[in-house]
Amino acid sequence: MIAERSARRARPLAPSEANPDGRPTRPDKLSIWPTDDEHFGIDVLYVGAQGHRRAEIVIRQIEAAGVAAVLRQEGENGWIVRFGPVSREDMLAVLNGYVW
């Protein structure tokens, strides 16, 4: 399964659809934490109606890249995209391609 996911990510990440110019969407807040097995968990927070739209686009793109992610509401107007635990390489690929 890991080899299958890695093979899917061997292709370049597509430009982000969240911004008209294809640049990644900067979140309102970003949290990264290490796990015991040298992997990382990541929470990406977007706020407001525009944030919800961006969060939906970002989670769809992350899942299409073969990385498991969930979208959950935070408070009344926040949306968190959570993914991980993932390897350092996967964490950097998602952050550099879609989030930051």
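Residues numbered from 1 in each chain as written. Predicted model: local features only at pLDDT ≥ 70, side-chain atom pairs only at ≥ 80, totals over all residues. Heavy atoms only, no water.

## Looking at the side chain of Ser-87
When you line up the elements, Ser-87 lands in the loop between strand 4 (78–86) and helix 3 (88–99). At 3.2 Å, the side chain of Ser-87 and the backbone nitrogen of Asp-90 are in polar contact. When sequence neighbours within four positions are dropped, the list of residues in contact with Ser-87 reads His-39 and Phe-40. (Helix = DSSP H or I, 4+ residues; strand = E, 2+ residues; numbered from the N terminus. Polar contact = N/O pair within 3.5 Å; in protein donor to acceptor, adjacent residues only side chain to side chain. Contact = heavy atoms within 4.5 Å.)

## A few points about the pairing of strand 1 (residues 29–34)
The pairing of strand 1 with strand 2 (residues 40–47) spans six bridges and is antiparallel. Directly across from Lys-29, in strand 2, lies its bridge partner Leu-45. Counting the residues that bridge the hairpin from strand 1 to strand 2 gives five residues, and of these Glu-38 lies at a positive phi of roughly 65 degrees. (Pairing = 2+ DSSP bridges.)

## Some words on the environment of Asp-37
Counting through the fold element by element, Asp-37 comes out in the loop between strand 1 and strand 2. When the C-alpha atoms of Asp-37 and Ser-87 are compared, they prove to be 9.2 Å apart, with 50 residues separating the residues in sequence. A distance of 2.5 Å separates the side chain of Asp-37 from the side chain of Thr-35, its partner in a polar contact.

## Considerations on the packing of helix 2 (residues 48–64) against helix 3
At a minimum axis separation of 11 Å, helix 2 and helix 3 run at an interaxial angle of 140 degrees. Taken together, the axes of helix 2 and helix 3 are oblique relative to one another. Considering how the two elements wind past one another, helix 2 and helix 3 form a crossing that is right-handed. The segment helix 2 lies against helix 3, with Val-58, Gln-61 and Ile-62 engaging Val-94, Tyr-98 and Val-99. (Axes fitted to C-alpha atoms, helices over the stretch in contact; angles between N-to-C directions. Parallel < 35°, antiparallel > 145°, perpendicular 65-115°, else oblique. Left-handed = near helix turned anticlockwise from the far one by under 90°.)

## Considerations on the confidence of the model for the protein chain
The pLDDT averaged across the protein chain works out to 80; a share of 76% of its residues lies at or above 70. In the predicted structure, residues 1–11 sits below a pLDDT of 50 and forms nine contacts with residues beyond four places in sequence or in another chain. (pLDDT = per-residue confidence, 0-100.)

## Some points on the pattern of salt bridges
Counting across every chain of the model gives three salt bridges. Between Arg-72 and Asp-43 there is a salt bridge; the shortest N-O distance is 4.0 Å. Placement of Arg-72 in strand 3 (residues 69–74) and of Asp-43 in strand 2 is noted, with a sequence separation of 29 residues between them. Here Arg-72 falls in the partly exposed class, since its relative accessible area comes to 33%. We note a salt bridge from Asp-43 to Arg-82, for which the minimum N-O separation is 2.5 Å. On the criterion of sequence distance, the pair formed by Asp-43 in strand 2 and Arg-82 in strand 4 is long-range, its members being 39 residues apart. For Asp-43, a relative accessible area of 11% puts it in the buried group. Arg-82 sits in the partly exposed class, given a relative accessible area of 33%. Among the charged side chains, a salt-bridge network with shared partners connects Asp-43, Arg-72, Glu-74 and Arg-82. (Salt bridge = Lys/Arg side-chain N within 4 Å of Asp/Glu carboxyl O. Buried < 20%, exposed > 50% of the residue type's maximum accessible area, 1.4 Å probe, protein only.)

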